[in-house]
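Residues per chain are reported as follows:
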Amino acid sequence: MKRADRCTGGRAVGTAVLAAAFLTASPPVRLSGQDSQFGIRGLGTPGRWESVRSRSTGGAFAPFDPLSQLTEAPLADIGQLTATAAGGTSHRDVAVGGTTAALRSTRFPLMGVAGPVGPRLAVAAGFTTYLDKSWDVWMRDSVLLRDVLQRYIDELTSDGSVADVRLAVASRLSRRIAIGAGVHVLAGSTRMTAERRFDDSTFHSVQQSAEVRYDGFGVSGSVLLGLAPGLTLSGWARSDSRLRAKVADTTSAVTDLPRMAGGGLLFAPSPSARFAASAVWRSWSQAGAGAFDTWSWSAGAEFAFRRMPIRLGARSGQMPFGPGTKAPTEVAGSLGIGRAFAQGRALIDVGLERLERRAGGGSLTERVWTVLVGLTVRP
Amino acid sequence: MTRRRLALVGAVLLVAACVERLTAPGRCPDYCPSGQITIVDTLLTTSINRDSSYRGYVLAYEAALMLAAHVPGTTDTLDSRPIFRINGYGSRLRISTADTSTGAILGADSARLQLYVLRRDTATHNLTLRFYRLPITIDSSTTFGSVVPFTDSLRSVNIDTLLAQPGRKDTLTGDSVVVDTINNRLVLSLKLDSVAARYVGTDSGTVAYGLRIAADTPASIALGKGSIGPVLQWYLRADSLGTPVARKPGALGAAFASFVFAPPPAPLDSTLAVGGVPSARSLLRVTFPKVIRDSSQIIRATLFLVPAVRARGAPADSFVIEARTVLADFGGKSPIDARVGDTTVIHVGATDTVKTDTVKIEVTNLLQLWAADSTHPTAILLRAQAEAQFLGEIRFYPSIAPAFRPTLQVTFVRAFPFGEP
């Protein structure tokens with residue numbers, strides 16, 4: 001018995017150390033969600049504020065998940081100090097203009113710590129990706145210079161993201177009602193480069209680079225309503241001010257950020273089966289030309305199978321930036337499993353997501369496989 | 001144990017997964033950033049002012065080569081002749097290596113003169129070198145008029161005939177030639193008989209020679225100096241206790257080597273002279289627009305110069321002029337910034353159109369330096385890359401000639417609009 005305790009205790013400590021390493025050692029440039037060519041023209045690709053567990057259900061469980069940073073009210077039920085981190089590797093095939101490029105990236109989109117500070121009060125701190133701004137595009141073209149058509153290759157790159165640093169507080173007011181609120185500080189930077197290499201070496205190569213810094217601010221609020229035993233309704237809203245871009249201490253752009261609202265329904269007919277659905281609206285169109293308001297929905301389920309829950313889900317929606325008059329669309333299916341260790345003090349969640357994004361005219365299609373790994377520690 | 005292995009495999013996979021590959025073809029403008037690289041090409045017609053020329057940087061006797069030329073022109077003939085002096089051993093020579101006893105030098109049986117031909121036009125046929133004995137008083141003040149005409153003829157050698165001999169050796173005259181294909185030069189070894197190789201003890205054995213060239217077409221060659229200069233091997237007779245003995249002392253190099261030529265270069269005027277002997281340089285002062293300096297990246301800059309006087313010489317005398325900037329503008333004494341430079345070739349005597357063709361020099365490196373260092377003087381110095389090693393001198397129209405003045409064409413890129421969505 002003693003040996004078993006020592007073993008499980010050791011695992012818990014090891015897992016906590018691993019989680020701490022996850023939370024502290026990852027470079028900030030990797031703190032981005034998921035890249036997309038649709039984000040190049042606009043502000044970027046909006047991140048997913050979901051834990052691996054919620055994302056494995058298509059995001060349907062996010063409004064009820066205290067470890068996802070979508071809403072605050074579920075934090076009221078967190079019960080004990082908890083830290084979480086998520087990582088994912090994406091393999092993305094981009095088909096544009098008759099060519100297909102195979103891309104690959106690894107990201108750590110979510111980290112957070114939450115815990116109770118009183119009988120009815122819980123707080124959380126963490127950050128997630130607000131906008132991913134990592135991309136690298138090249139194009140071949142020509143320009144008439146000195147009466148000669150000069151062929152060249154341009155390569156424009158951006159490496160970085162805008163992170164959403166959230167401080168949240170939540171309270172369970174009654175057995176049926178929990179509320180929460182959060183403040184969001186948007187901060188980040190991108191290292192941008194623009195290169196042009198002429199075929200004619202008489203023209204020197206162009207190489208310019210700059211570090212663009214971003215800042216913004218937002219507030220959010222959410223509520224959980226217990227409608228009936230096993231049936232919970234969630235509602236949330238968020239408003240962000242504007243995103244200011246600065247290059248060398250000079251403001252280069254100020255862009256209005258969207259207001260957003262969403263809701264979800266969780267149905268748990270038995271301890272071993274849970275179903276959820278959610279929908280979100282975001283007013284991205286105020287970000288300027290080429291931006292669209294977006295709707296997205298998701299549905300998912302989680303089944304307890306011995307000590308290893310099985311999750312699956314689907315989601316669909318719109319992308320906020322794209323050419324033409326219609327917003328690009330995305331559709332995804334996902335599944336995942338979880339595993340608890342060290343008497344439930346450490347949880348590892350693994351998910352797999354298949355995603356397809358498509359522009360209105362079919363000019364660009366992205367197909368993405370993403371493998372997700374989440375680590376949660378409850379010391 | 002199995003779990004540890006799985007953890008290890010997982011860790012390896014995690015590390016392997018951390019690979020970025022984000023480069024994808026862009027389809028513009030739909031899936032490209034809104035900002036684009038903007039290129040501007042502008043011709044600065046009035047930015048070059050206060051230009052002037054200076055002469056006398058490298059004189060003939062300071063040149064790294066000796067130039068020989070015979071280029072007939074419409075009004076005169078360009079005639080350049082190498083001259084060199086080789087000091088002798090004195091009037092006495094050490095007879096034996098076993099002691100320090102010396103004997104009077106009675107005379108020379110023969111000598112062998114070695115010359116390096118570093119530059120020649122292989123299209124020139126019947127290239128003949130004629131050797132003359134000159135007064136041993138020649139020095140750096142010797143002029144063409146003070147030694148020409150050469151009168152004391154020694155002998156001559158036809159290079160083409162010698163090259164055509166079996167083994168490139170003439171068994172009759174004792175001359176030979178070695179073609180050094182690695183260094184791209186000829187090593188000429190000429191035998192001087194007892195008449196030509198006259199060892200005069202009262203002159204300490206010092207001899208001086210001059211050289212003329214001729215060919216079927218305009219001819220121009222360059223002979224080496226210094227370590228690859230003329231070498232004379234004497235074969236002497238010395239008195240050893242009343243008995244004449246043959247001795248072969250060590251070979252001697254030239255103590256003085258230069259060349260004289262006519263006609264001399266025309267005096268400097270308002271045109272911009274570059275090259276020639278003594279070498280000439282021109283300084284062009286540039287008003288560098290702030291809009292280019294401050295907010296752009298220069299990707300190409302070209303200096304256009306219109307020749308006012310064509311460069312003289314044989315086709316082999318085509319030379320390279322270089323544009324450099326200066327560390328400080330002190331006129332003709334401006335110290336040159338050796339870090340960056342741009343060059344172009346001046347084709348001598350190709351066709352008459354050379355006279356009217358515009359010379360272009362890419363000066364991108366110079367303007368990029370000016371853009372990077374705003375304290376750097378914005379002046380361009382034109383000079384021959386190998387000063388005083390070519391007789392050719394080109395003259396360009398100066399800034400006071402409005403129709404033909406030097407101009408700069410600059411292609412630059414505006415600052416990229418980073419940070420704009």
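What counts, and at which threshold
- Residues numbered from 1 in each chain as written.
- Chains lettered and ligands numbered in written order.
- Predicted model: local features only at pLDDT ≥ 70, side-chain atom pairs only at ≥ 80, totals over all residues.
- Heavy atoms only, no water.
- Helix = DSSP H or I, 4+ residues; strand = E, 2+ residues; numbered from the N terminus.
- Rg over C-alpha atoms; globule rule 2.2 N^0.38 Å.
- Buried < 20%, exposed > 50% of the residue type's maximum accessible area, 1.4 Å probe, protein only.
- Lys, Arg positive; Asp, Glu negative; His and termini not counted.
- Charge placed at Lys NZ, Arg CZ, Asp CG, Glu CD.
- Contact = heavy atoms within 4.5 Å.
- Areas by Shrake-Rupley, 256 points an atom, 1.4 Å probe, with all protein chains shown as cover.
- pLDDT = per-residue confidence, 0-100.
- Pairing = 2+ DSSP bridges.
- Axes fitted to C-alpha atoms, helices over the stretch in contact; angles between N-to-C directions.
- Core = buried A, V, L, I, M, F, W, Y, C linked by side-chain atoms within 4.5 Å.
- Salt bridge = Lys/Arg side-chain N within 4 Å of Asp/Glu carboxyl O.
- Polar contact = N/O pair within 3.5 Å; in protein donor to acceptor, adjacent residues only side chain to side chain.
- Buried area = accessible area lost by both parts, 1.4 Å probe.

Enquirer: Looking at this model, I keep getting lost on the overall build of chain B. Mind explaining?
Expert: Assigned secondary structure in chain B consists of five helices and 27 strands. Relative to the compact-globule value of 22 Å for 421 residues, chain B shows a C-alpha radius of gyration of 31 Å, a clear excess of over 25%. Taking the principal axes of its C-alpha atoms as reference, chain B extends roughly 105 × 85 × 40 Å. The buried share of chain B, reckoned over its 421 residues, is 50%. In chain B, which carries 43 positive and 34 negative side-chain charges, the distance between the mean positions of the two groups comes to 5 Å.

Enquirer: Explanation requested: the overall build of chain A in the structure shown.
Expert: Regarding its fold elements, chain A presents two helices and 18 strands. Relative to the globule expectation of 21 Å for 379 residues, the C-alpha radius of gyration of chain A, 22 Å, shows essentially globular dimensions. For chain A, buried positions account for 51% of its 379 residues. Of all intrachain contacts in chain A linking residues separated by at least 6 positions in sequence, the fraction that spans at least 24 positions is 62%. Taken as a whole, chain A presents about 16000 Å² of accessible surface, with 60% of it coming from carbon and sulfur.

Enquirer: Help me understand the confidence of the model for chain B, please; the structure alone is not making it clear to me.
Expert: Parts of the model with low pLDDT should not have their predicted coordinates read in detail. Residue and element names in this part refer to chain B. Considering every residue of chain B, the mean pLDDT works out to 89; 93% of them sit at 70 or more. Helix H1 (residues 2-17) is the least confidently modelled element of chain B, averaging 60 in pLDDT, while strand S19 (residues 280-286) averages 96, the highest of any element. ipTM for the predicted complex: 0.78, alongside a pTM of 0.78.

Enquirer: Is there a simple way to think about the sheet that holds strand S20 (residues 296-305) of chain B in this case?
Expert: As a general point, the strands of a sheet are linked pairwise by backbone hydrogen bonds and lie either parallel or antiparallel. Residue and element names in this part refer to chain B. Strand order in the open sheet formed by four strands is S2-S27-S20-S24, and the pairing between neighbours is antiparallel. Strands at the two margins of the open sheet, each flanked by one partner only, are strand S2 (39-44) and strand S24 (359-362). Each strand axis lies, on average, 20° off the axis of its neighbour in the sheet, ignoring direction. As judged from the six bridges shared by S2 and strand S27 (residues 407-414), these two strands associate in the antiparallel manner. Within the sheet, the bridge partner assigned to Asp41 lies in S27 and is Thr411. Against the sheet, helix H5 (residues 364-372) makes contact with S20, S24 and S27, and its axis sits at roughly 135° relative to S20, the strand it touches most.

Enquirer: Explain the nonpolar core to me, please; I cannot follow it from the model alone.
Expert: Generally speaking, soluble globular proteins have nonpolar side chains that are buried together. Among the nonpolar cores identified, the biggest contains 41 residues, and Leu43(A), Tyr130(A), Leu156(A), Trp284(A) and Ile37(B) are the most heavily contacted of them. Leu115(B), Leu127(B), Val207(B) and Ala257(B) belong to the second-largest nonpolar core, a separate cluster that totals 38 residues.

Enquirer: What exactly am I supposed to notice about the pattern of salt bridges here?
Expert: When their charged atoms lie close together, side chains carrying opposite charge are able to pair. Scanning the entire structure with this criterion turns up 44 salt bridges over all chains. For the salt bridge of Arg357(A) with Glu366(A), the shortest nitrogen-to-oxygen distance reads 2.9 Å. A single burial state applies to Arg357(A) and to Glu366(A), both of which are buried. Two residues, Glu393(B) and Arg395(B), come together in a salt bridge whose shortest N-O distance is 2.8 Å. Like Arg395(B), Glu393(B) is buried.

Enquirer: Sorry, what's going on with the side chain of Asp132(A) here?
Expert: Residues and elements named next belong to chain A. Its location among the elements puts Asp132 in strand S4 (residues 121-132). Asp132 sits in the buried class, given a relative accessible area of 2%. At 2.9 Å, the side chain of Asp132 and the backbone nitrogen of Ser134 are in polar contact.

Enquirer: What am I meant to see in the environment of Leu67(B) here?
Expert: Residues and elements named next belong to chain B. Among the secondary structure elements, Leu67 is positioned in strand S4 (residues 65-72). Classification of Leu67 by relative accessible area gives buried; the value is 2%. Residues Leu67 and Arg310, 243 residues apart in the sequence, show an inter-C-alpha distance of 20 Å. Setting aside anything within four residues of it in sequence, one finds Leu67 in contact with Ser80, Arg81, Pro82, Arg119, Ile221, Ala222, Phe259, Val277, Ala388, Gln389, Phe390 and Leu391.

Enquirer: Is there a simple way to explain the interface of chain A and chain B in this structure?
Expert: When the parts of a complex come together, some accessible area is lost, and that lost area is often used as the size of the interface. Counting from both sides, the interface comprises 59 residues of chain A and, opposite them, 45 residues of chain B. Both sides of the chain A and chain B interface together cover about 4500 Å² of buried area, and 59% of this is carbon and sulfur. Three residues, Arg41(A), Arg104(A) and Arg146(A), lead the burial of chain A against chain B; their summed loss comes to 18% of the area buried on that side. One can count 13 residue pairs in polar contact (both at pLDDT 80 or more) joining chain A with chain B. Among the elements that take part in the side of chain A that touches chain B, strand S3 (residues 99-116) of chain A stands out by supplying eight residues, more than any other.

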